[in-house]
Protein chains: 2
Amino acid sequence: MSETVFPRGVFCAALTPLDADLNPNHAAFAAHCRHLLAEGCTGIALLGTTGEANSFSGDERRALLEAALQAGISPDQLLPGTGVAALTETVALTRHALSLGVTTVVMLPPFYYKGVSEDGIVAAYAEIVERIGDERLRVVLYHIPQVAGVPLPHGAIARLRERYPGTFVGIKDSAGDLAHMTALVERFPGFAVLAGADPLMLPLLKAGGAGAITATTNLVARDLRFVFDHWADPAQAAAVEAAQARVVAARERASRFAQMASLKALVAERTGDPGWRRMRPPLVPLSETERAALLTPAPDEARRAS
Amino acid sequence: MSETVFPRGVFCAALTPLDADLNPNHAAFAAHCRHLLAEGCTGIALLGTTGEANSFSGDERRALLEAALQAGISPDQLLPGTGVAALTETVALTRHALSLGVTTVVMLPPFYYKGVSEDGIVAAYAEIVERIGDERLRVVLYHIPQVAGVPLPHGAIARLRERYPGTFVGIKDSAGDLAHMTALVERFPGFAVLAGADPLMLPLLKAGGAGAITATTNLVARDLRFVFDHWADPAQAAAVEAAQARVVAARERASRFAQMASLKALVAERTGDPGWRRMRPPLVPLSETERAALLTPAPDEARRAS
C-alpha cells in the first residue's frame, strides 16, 4: 500500500457520554478523546454509529465537535461523521466542520429511502460536494448496510472517485466482510480502505488496507495500535499475535449483549463514572442482569487472569 | 367504529414540488394543497415519505409548513410528519408545529438504528412527549417498516396508549398488510387506524378503520373521498365500486416504475409544469423512457377511453 494513502491508522469510533438529561456530556467526551489519543489512536472518528450521532440534532453534533476542539484536540485528529438523511443538513454539518479546520469527514449515504439507485447515490454525494464547494474537503465514505439499510455499490464509488478524485479518499467498511474490503483495495488503488470491525484490521492491512475505524477501540486502542505498527515486523510476531488476541477477546466480550451499551458499561467501569452507561433512546443501557454478566469474567478469562 | 375516533378521513401524503435548485417550491406546494382540498381531501399529511421529508433539513421542513399556513390552509387540515432519527430534532419539529396551531402530527420512530428493542421505542416516544409537554399534541404513529427499517410492535403501541391515552390517537399503517391493520383495529378500540395504501382503505373501513393517508391521493383524491363517504350506502354500491376501481388502477399505474417519481411525473402532466418532475437525491426522476411508457396508456386503458 502506498504511504500516501490517506487517512491511515487506528481511529476510534468514539462513544458519546451523556449527562443526566441524556444530552452529550462535553467534559466527559473531551476526557475520553484525550484518553484515546494517549492510548495511541491516530485520531477520533466522533459522531458515528457508535457515537449515537444520528440520535443527536445538528446543533448537538456541532456543539460536540466544537467541544472537542476547545478541549485542545487537533482538527487533524478529528474525523466527524456528517452524513445524515437530508443532503442539505449533510452540507451544513460538513461546512461547519470545514469552518473549524476539520477537513476529513466520514459520510453515510442518505439513509431513509431504501433500494435507491446507484444514480441516486452518486447524485446525492455529487450534490453535497458541489454545494460545499471547498477543495479542502476529504470524504471517507461509510458502508454499513446492516444499519443504514443503504449499501455503497462499487459502481458508485468508481464514479465518485473518477469525478472527484481528490475528495473521495477512502471508505469505512463496516459490513464485516473481509472479502468485500479486499475487493475494494484491489479495485481502487490509492483509496484508503478502513476496517469497521477490529479483528479484521490485521488481515486487511496484510491485503493493503489503510487501518481501522472501530468501536472496540474505545477499550483496546493500545493493542490495536500495536498491531497496526508492528504487524509486518517478524521480530514482533508473537507480541502482535497476543495483542490481536486481546482485541478479538474484547470485541467478543462487547458483543455478548448490545454492543454499544456494553462498550459504555465497560468504559463506566474503567472511569468509575456510572453516568457513562446512559444511552439516548431508541438505544437503551444494559439491564442490571446483563451488566452483571458482562462484568463477570467468563471461566476461561478467569483462568487466564489467575 | 366510533365517530369520535380521530383523525378520520382521506388524507393525502402530499408530494413536495422542487425548484430548479432542488429546494421545496412553496408556491407550487400551496397550489397543490389547495387542489387536494378542493378534490375532497379531509387534510394534507405533508412532509411524509411521499413528500421526501427526510431529504429536507429541519429548517426546510419548518419553512414548508409555514408556507402552507401562509397560503391559507387551516392548521386543522395539516398533519405534518415530524419524526426523524434524532429525538431532539423530532421534539423541535413538533414544537414548531404546535407553535403554529398544528396539533396533529405523523411521527416515525427514530429510524437509524435497526433491531431496537420495544423498550427503546417506547422510551423514545415517551421522551419526546415528555420533552414537548403540550397537552394539545395528537400523535399518529407511522408504521412503514419496509422504508424506516423499524417496525412499531403492538406491545409498544399498547404501552404508549396506556401511558399517554390522549396523545397517541392513531397510526398510519403503510406495511401494506390488511391483516395487520385489522388486528390493530381489534386490539385498540378508539384508535384511528389509517391505511397507507389506497386500495386497502375500503376493506379497512369495512373492518372499522378510520380512513387513509396515501400517496395515490395526489392523483385520485376525489375517487378515494367518494369511497370514504359512500362505502356503506347500498344505493351507491356501483359508483363506489367504479371509484375504487379507478383508485386501484391509478395505484397500479404509479407502481410500474418508482412510485414517487411516477406520481410527480403524472402531476407534472396534470399541471403542465415539468418542474414537478424534479426529485431531491437520493431519489431521482423517471428516465425519459420510463416516463414515455408511464404516459402511454396500456391497451386496456386506451380501449376504455375510446
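Residues numbered from 1 in each chain as written. Chains lettered and ligands numbered in written order. Predicted model: local features only at pLDDT ≥ 70, side-chain atom pairs only at ≥ 80, totals over all residues. Heavy atoms only, no water.

**Concerning the pattern of salt bridges**
- Counted according to the given criterion, the structure contains 29 salt bridges over all chains.
- Note that E127(A) is salt-bridged to R131(A), the shortest N-O span being 2.9 Å. Of this pair, E127(A) and R131(A) both sit in helix α4 (residues 118-132), 4 residues apart, roughly one helical turn.
- As a salt-bridge pair, R291(B) and E288(B) come within 3.0 Å of each other at their nearest N and O atoms. Of the two residues, R291(B) and E288(B) are both situated in helix α12 (residues 288-295); the distance of 3 residues between them amounts to about one turn of the helix.
- Residue R291(B) is classed as buried on the basis of its relative accessible area, which comes to 14%.
- Judged by relative accessible area, which is 49%, E288(B) ranks as partly exposed. (Salt bridge = Lys/Arg side-chain N within 4 Å of Asp/Glu carboxyl O. Helix = DSSP H or I, 4+ residues; strand = E, 2+ residues; numbered from the N terminus. Buried < 20%, exposed > 50% of the residue type's maximum accessible area, 1.4 Å probe, protein only.)

**Examining the relation of the copies chain B and chain A**
- Superposing chain B onto chain A takes a rotation of 180 degrees combined with a translation of 0.0 Å along the rotation axis, leaving an RMSD of 0.0 Å. Expressed as a symmetry operation, the mapping of one chain copy onto the other fits a two-fold axis.
- Of the interface residues in chain B, 98% have counterparts in chain A that sit at the interface too, so the contact is made through matching surfaces. (Least-squares fit on C-alpha atoms with pLDDT ≥ 70 in both. Contact = heavy atoms within 4.5 Å.)

**Side note on the side chain of H180(A)**
Residue and element names in this part refer to chain A.
- Tracing the backbone shows H180 in helix α7 (residues 178-187).
- The class for H180 is buried, based on a relative accessible area of 19%.
- In contact with H180, other than residues within four places in its own chain, are H143, H154 and D173.

**A word on the side chain of K264(A)**
- Along the chain, K264(A) falls in helix α11 (residues 259-271).
- Those residues in contact with K264(A), other than ones at most four positions away along the chain, are L15(A), T16(A), P17(A), L18(A), E52(A), W276(A), R277(A), R278(A) and M279(A).

**Quick word on the UniProt feature "active site" (unreviewed entry) in chain A**
All names here are of chain A.
- As annotated in UniProt, the feature "active site" (unreviewed entry) corresponds to Y142 and K172 in the numbering used here. A maximum C-alpha distance of 4.8 Å among these annotated residues, which run over 31 residues, shows that they cluster at one spot.
- Along the chain, Y142 turns up in strand β4 (residues 138-143).
- Judged by relative accessible area, Y142 falls into the buried class, the value being 4%. (UniProt positions renumbered as here; feature names shortened; annotations may be inferred.)

**A short note on the pairing of strand β7 (residues 211-214) of chain B**
Residues and elements named next belong to chain B.
- Side-chain alternation along β7 places G211 and I213 on one buried face and A212 and T214 on a second face that is also buried.
- Note that strand β1 (residues 9-12) and β7 share 4 bridges and pair parallel. Pairing of G9 across the sheet is with G211, part of β7.
- Sheet topology note: the strand β6 (residues 192-195)/β7 ladder contains 2 bridges and is parallel. Paired with L194 across the bridge in β7 is G211. (Pairing = 2+ DSSP bridges.)

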